[in-house]
Amino acid sequence: MKKLYYDVSKCLACKSCEIACATGKSASKDLFKAVGEEIKPRSCVIVKTTQGKNFPIACRHCKTHPCVDACIAKALTYDENKKRVIHDKDRCIGCWMCVMVCPYGAIRDNKKLKIPIRCDLCADVDEPRCIKACPVGAIMYLEEEEYDKILADKKSSKKSL
Amino acid sequence: MKNIVIIGNSAAGVAAIEGIRSRDRESKITVISDEAYLAYCRCLISNYLSGTVAEKDLTYRDAKFYKDNNVELLLEKKVERVDSKKKRIILEDKSQISYDSLIIATGSSPKIPKELKGVTKRGVFGFRTIKDTKEIITIASISHTSCVLGGGLIGLKAAYGLNKRKLDVKVIVKSGRILSQIADKTASELFLNCFQKNGIEVMLNTDISEIIGNGDLRAVKLDSGKAIGCSLVIVGKGVAPNIKLISETDIKTDKGILVDESMRTSVNDIYAAGDVAETFDLTADKYENNALWPCAVEQGRIAGLNIAGENIKYTGSLGMNSVDFFGLPLVSMGAFDTELEAASSLDREKNLYKKLVLKGSRLIGALLVGDIRNSGLYLRLIKEKADISKIKDDLLDANLSYAKIAELIKKKEEKIYL
Ligand SMILES: Cc1cc2nc3c(=O)[nH]c(=O)nc-3n(C[C@H](O)[C@H](O)[C@H](O)COP(=O)(O)OP(=O)(O)OC[C@H]3O[C@@H](n4cnc5c(N)ncnc54)[C@H](O)[C@@H]3O)c2cc1C
């Protein structure tokens, strides 16, 4: 199943992904209306800068998913077929156990909504909105094997240089 | 094909079933619980008490789960003792069940101070089960004032639930602060404020000497001599592991059942997991009884997997918790209340507090109030015993990121960036 990967050499931290994500998570799904919404929509992806490079991060839908284990409300489950962590908002009580155990620091608390902010890979549309929003093509939506291949190619082209 | 018996049908027991069935579809699994309900979210009984979660939404695993996993579930059956010599268990109704492998996942029970006069009166409850909660709700509906004894997490969750039910709640705490298991002095002050502001009276340095009433309780008498009229008392004075059933075996115990890193007890073919087990604590560097839901799940799964033939090692437990009272979140983990070197920041006005405890070049504890972002990164640094000297000065920074700590931790198969 596809996951999000990021090409750090391309990312400019322009935050277009964050804006597209937050808009997609808003009630209106429209940027200009979303800004005025009573509960401000929040982006699931966050770009952080360290040592001059920019690193987007969002839920990795881990195979070992510690958040699912830690969820005391059974609001989180792992779908073995889709290889995704599924969040049932109706069951969620906002205890923040998932925030506490996320090994990537990719889950945050939305105090207003009392539920965590977590990437669902835009389950409501065909593909995650952040991909198209990225002006430099730094966000990739790939099968793991495709990622492995790109990484291998990149390494070998570096060697041949 | 084995005959596997699991005592206890909660976080640890269910995870054990899942662990076993992920490798072994054949073996017979029998699960025994003395409760009348299918596995439920125990931690949410306070939400049930407050009325925000309905009883049906407490279900953790439904009947289909047991059917799909081919598990025989025996409810409302209490195991009286384990006979490890003959590899069988004896139930209260005197029936016997033999096993090849046994998992003890009996959890813990509220500590009720037996010496307290009047503690057996009607209206005095521990707070552990759906049954407790139902009885509490019945009395709460006709009662006005209630008292909670103890200022720990469970007592305060009960108080919170009763407050949301519009009951007048008084929390009586023997020591000088609340939440001492999950907060240091500063954090507990922030929460004390938050509770008082929201109409829950917390009486510190106060103990009760007697519960007064004629069958039904009428009042609690404080050590000062003063009495508080109430018709409901919830005792939140900690929990004790349910180990009575193994008292006739050679299984080694301390506070709980001692287990090795495979979740095996000192007796062959008997495993233990969850609140009943005592495991090696990563930051305390000794055996501890970390009675927590996520620990129970992880331990239960490992016990199950190992019975199914795997050889999986538990890296150790860690005291960690996360709560939210009246919109104020708290996360704490490891050794956060020590005299060791700590980096901290505090803004009392905004209810923001962060404290990171260091031991040499290692992070061994974290406590966050108000802003709990990145707590998972701290947990990771603690669990992996990472050398954090390189990023020491940036640890408190809200801008901390996975990328920042990536080179300090073990990255197994973590593919994210190109
Ligand atoms: C109100 C409340 C709030 C909590 N909040 C949190 C929280 O925020 N975070 C957190 O990490 N943890 C929390 N906990 C603790 C958490 O619920 C426990 O750590 C967890 O339930 C442990 O799971 P377990 O499977 O080990 O045992 P348990 O859940 O205790 O289950 C053990 C089961 O075995 C049964 N049993 C015991 N003895 C026998 C016997 N002899 N025969 C048959 N059956 C038997 C018991 O009746 C019970 O059904 C909370 C607990 C409570 C009560």
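Residues numbered from 1 in each chain as written. Chains lettered and ligands numbered in written order. Predicted model: local features only at pLDDT ≥ 70, side-chain atom pairs only at ≥ 80, totals over all residues. Heavy atoms only, no water.

Notes on the domain arrangement of chain B
Residue and element names in this part refer to chain B.
Thought 1: Taken domain by domain, chain B comprises domain 1 (3-110 + 239-307), domain 2 (124-235) and domain 3 (328-417).
Thought 2: Listed as interface residues are 16 residues of domain 1 and, on the opposing side, 17 residues of domain 2.
Thought 3: When the buried surface of domain 1 facing domain 2 is broken down by residue, I45, Y48 and L49 rank first, second and third, together holding 38% of it.
Thought 4: Counting across the domain 1 and domain 2 interface gives 2 salt bridges.
Thought 5: For the salt bridge of K134 with E55, the shortest nitrogen-to-oxygen distance reads 3.1 Å. (Domains from an automatic or database assignment. Contact = heavy atoms within 4.5 Å. Buried area = accessible area lost by both parts, 1.4 Å probe. Salt bridge = Lys/Arg side-chain N within 4 Å of Asp/Glu carboxyl O.)

A closer look at the site of the ligand
Thought 1: The full set close to the ligand counts 35 residues, and B:S10, B:D34, B:E35, B:R42 and B:R128 are the nearest of them.
Thought 2: Near the ligand, the surrounding residues belong to chains A and B.
Thought 3: The separation between a nitrogen atom of the ligand and a polar main-chain atom of B:V79 is 2.9 Å.
Thought 4: A distance of 3.1 Å separates a nitrogen atom of the ligand from a polar side-chain atom of B:N321.
Thought 5: Protein burial of the ligand: of its 1,000 Å² of free accessible surface, 96% is covered by the chains.
Thought 6: Elements that contribute at least two residues to the shell around the ligand include exactly helix 1 (11-21), helix 5 (153-164) and helix 7 (293-307) of chain B.
Thought 7: The element contributing the most residues to the shell around the ligand is helix 7 of chain B, with 3 residues.
Thought 8: Partitioned by chemical class, the residues of the shell around the ligand number 18 nonpolar, 9 polar and 8 charged.
Thought 9: Each of domain 1 (3-110 + 239-307) and domain 2 (124-235) of chain B accounts for three or more of the residues forming the shell around the ligand. (Near = heavy atom within 4 Å. Polar contact = N/O pair within 3.5 Å; in protein donor to acceptor, adjacent residues only side chain to side chain. Areas by Shrake-Rupley, 256 points an atom, 1.4 Å probe, with all protein chains shown as cover. Helix = DSSP H or I, 4+ residues; strand = E, 2+ residues; numbered from the N terminus. Nonpolar A, V, L, I, M, F, W, Y, C, P; charged D, E, K, R; others polar.)

Some points on a positive patch on the surface
Thought 1: A grouping of A:K53, A:K155, A:K158 and A:K159 is seen on the molecular surface, where their side chains present a positively charged patch.
Thought 2: Take A:K159: its relative accessible area is 74%, and that puts it in the exposed class. (Patch = residues over 30% accessible without salt bridge, like charges linked within 9 Å, V, L, I, M, F, W, Y side chains within 5 Å. Lys, Arg positive; Asp, Glu negative; His and termini not counted. Charge placed at Lys NZ, Arg CZ, Asp CG, Glu CD. Buried < 20%, exposed > 50% of the residue type's maximum accessible area, 1.4 Å probe, protein only.)

Regarding the interface of chain B and chain A
Thought 1: Facing 46 residues of chain B, the contacting portion of chain A comprises 42 residues.
Thought 2: A combined buried area of about 3,600 Å² lies between chain B and chain A, and 59% of that area is made up of carbon and sulfur atoms.
Thought 3: When the buried area of chain B at its contact with chain A is split by residue, B:K415, B:Y417 and B:L418 rank highest and sum to 24% of it.
Thought 4: Summed over the shared surface of chain B and chain A, the number is 3 salt bridges.
Thought 5: Linking A:D148 and B:K415 is a salt bridge whose minimum nitrogen-to-oxygen distance equals 2.9 Å.
Thought 6: If you look at where chain B meets chain A, you find 21 residue pairs in polar contact (both at pLDDT 80 or more).
Thought 7: Going through the elements one at a time, helix 7, strand 22 (320-325), strand 23 (328-334), helix 8 (375-383) and helix 9 (402-405) of chain B are the ones with two or more residues in the side of chain B that touches chain A.
Thought 8: Of the residues contributing to the side of chain B that touches chain A, the split by class is 24 nonpolar, 12 polar and 10 charged.

As for the domain arrangement of chain A
Residue and element names in this part refer to chain A.
Thought 1: Looking at the assigned domains, one finds that chain A contains domain 1 (2-58 + 119-159) and domain 2 (61-102).
Thought 2: Of note, the centres of domain 1 and domain 2, computed from C-alpha atoms alone, are 21 Å apart.
Thought 3: Of the residues lining the interface, 6 residues belong to domain 1; the matching set on domain 2 comes to 4 residues.
Thought 4: Carbon and sulfur atoms supply 39% of the area that domain 1 and domain 2 bury against each other, a total of about 410 Å² over both sides.
Thought 5: The interface formed by domain 1 and domain 2 includes 1 salt bridge.
Thought 6: Across the pair E144 and K63 runs a salt bridge whose closest N-O atoms are separated by 3.8 Å.
Thought 7: Our count for the domain 1 to domain 2 interface comes out at 2 residue pairs in polar contact (both at pLDDT 80 or more).
Thought 8: Along the lines of polarity and charge, the residues of the side of domain 1 that touches domain 2 split into 3 nonpolar, no polar and 3 charged.

Some points on the sheet that holds strand 1 (residues 3-7) of chain B
Residues and elements named next belong to chain B.
Thought 1: Pairing within the open sheet is parallel, and its 5 strands lie in the order 3-2-1-7-19. Bordering the open sheet on either side are strand 3 (71-74) and strand 19 (270-272), each of which pairs with just one other strand. Geometrically, the sheet is characterised by an average inter-axis angle of 20 degrees between neighbouring strands, direction not taken into account.
Thought 2: Taken together, the 3 bridges between strand 7 (residues 101-104) and strand 19 define a ladder with parallel strand orientation. For L102, the partnering residue across the bridge sits in strand 19 and is I270.
Thought 3: Where helix 7 meets the sheet, it contacts strand 1, strand 7 and strand 19, and its direction lies at approximately 175 degrees from that of strand 7. (Pairing = 2+ DSSP bridges. Axes fitted to C-alpha atoms, helices over the stretch in contact; angles between N-to-C directions.)

Considerations on the sheet that holds strand 13 (residues 208-214) of chain B
Residue and element names in this part refer to chain B.
Thought 1: Strands sit in the order 13-14-15 across an open sheet of 3 strands; the sheet is antiparallel. The two strands at the open ends of the sheet, each matched to only one other strand, are strand 13 and strand 15 (227-229). Sheet twist, expressed as the mean angle between neighbouring strand axes with direction ignored, is 30 degrees.
Thought 2: One ladder, built from 6 bridges, connects strand 13 with strand 14 (residues 216-222); its direction is antiparallel. Its bridge partner lying in strand 14, N214 is registered against D216.

A word on unusual backbone geometry
Thought 1: Positioned with a positive phi, A:Q51 is a non-glycine residue whose angle comes to about 50 degrees.
Thought 2: Residue classification places A:Q51 among the exposed positions, given a relative accessible area of 72%.
Thought 3: Non-glycine residue B:K385 carries a positive phi angle of around 50 degrees.

Let's talk about the nonpolar core
All names here are of chain B.
Thought 1: If you look at the biggest cluster of nonpolar residues, it comprises 175 residues, and the most contacted ones within it are I89, L162, F325 and L381.
Thought 2: If near-sequence neighbours (up to four positions away) are discounted, I89 is found in contact with V5, I7, I32, V79, R81, V82, S95, Q96, I97, Y99 and L102.
Thought 3: Ranked by size, the runner-up nonpolar core spans 16 residues in total, among them I211, L217, V220 and I228. (Core = buried A, V, L, I, M, F, W, Y, C linked by side-chain atoms within 4.5 Å.)

Some details on the pairing of strand 26 (residues 362-369) of chain B
Residue and element names in this part refer to chain B.
Thought 1: Taking burial as the measure, the 8 residues of strand 26 include 8 buried ones, the bulk of the element.
Thought 2: Pairing geometry for strand 23 and strand 26, over 5 bridges, is antiparallel. Within the sheet, the bridge partner assigned to M333 lies in strand 26 and is A366.
Thought 3: In terms of strand pairing, strand 25 (residues 352-359) meets strand 26 through 7 bridges, oriented antiparallel. Looking at strand 26, one finds that Y353 is bridged to V369.
Thought 4: In this antiparallel pair of consecutive strands, strand 25 and strand 26, the connection spans 2 residues, and G360 shows a positive phi of 60 degrees.

Observations concerning the packing of aromatic side chains
Thought 1: Tallying each qualifying case throughout the model produces 13 aromatic pairs over all chains.
Thought 2: Their ring planes at 70 degrees and their centres at 4.7 Å tell us that B:Y160 and B:F326 sit as a pair that is edge-to-face. Taken together, the residues B:Y160 in helix 5 and B:F326 in the loop between strand 22 and strand 23 connect sequence positions 166 residues apart.
Thought 3: Within the aromatic cluster, the residues linked to one another by ring pairs are B:Y160, B:F191, B:F195, B:F325 and B:F326.
Thought 4: Positioned above the aromatic ring of A:Y5, the side-chain terminus of A:R60 is 5.4 Å from the ring centre.
Thought 5: Looking at B:R380, its charged tip hangs above the ring of A:Y104, at a distance of 5.7 Å from the centre. (Phe/Tyr/Trp six-rings, centres within 6.5 Å; stacked < 30°, edge-to-face > 60°. Lys NZ or Arg CZ within 6 Å of the ring centre and 35° of its normal.)

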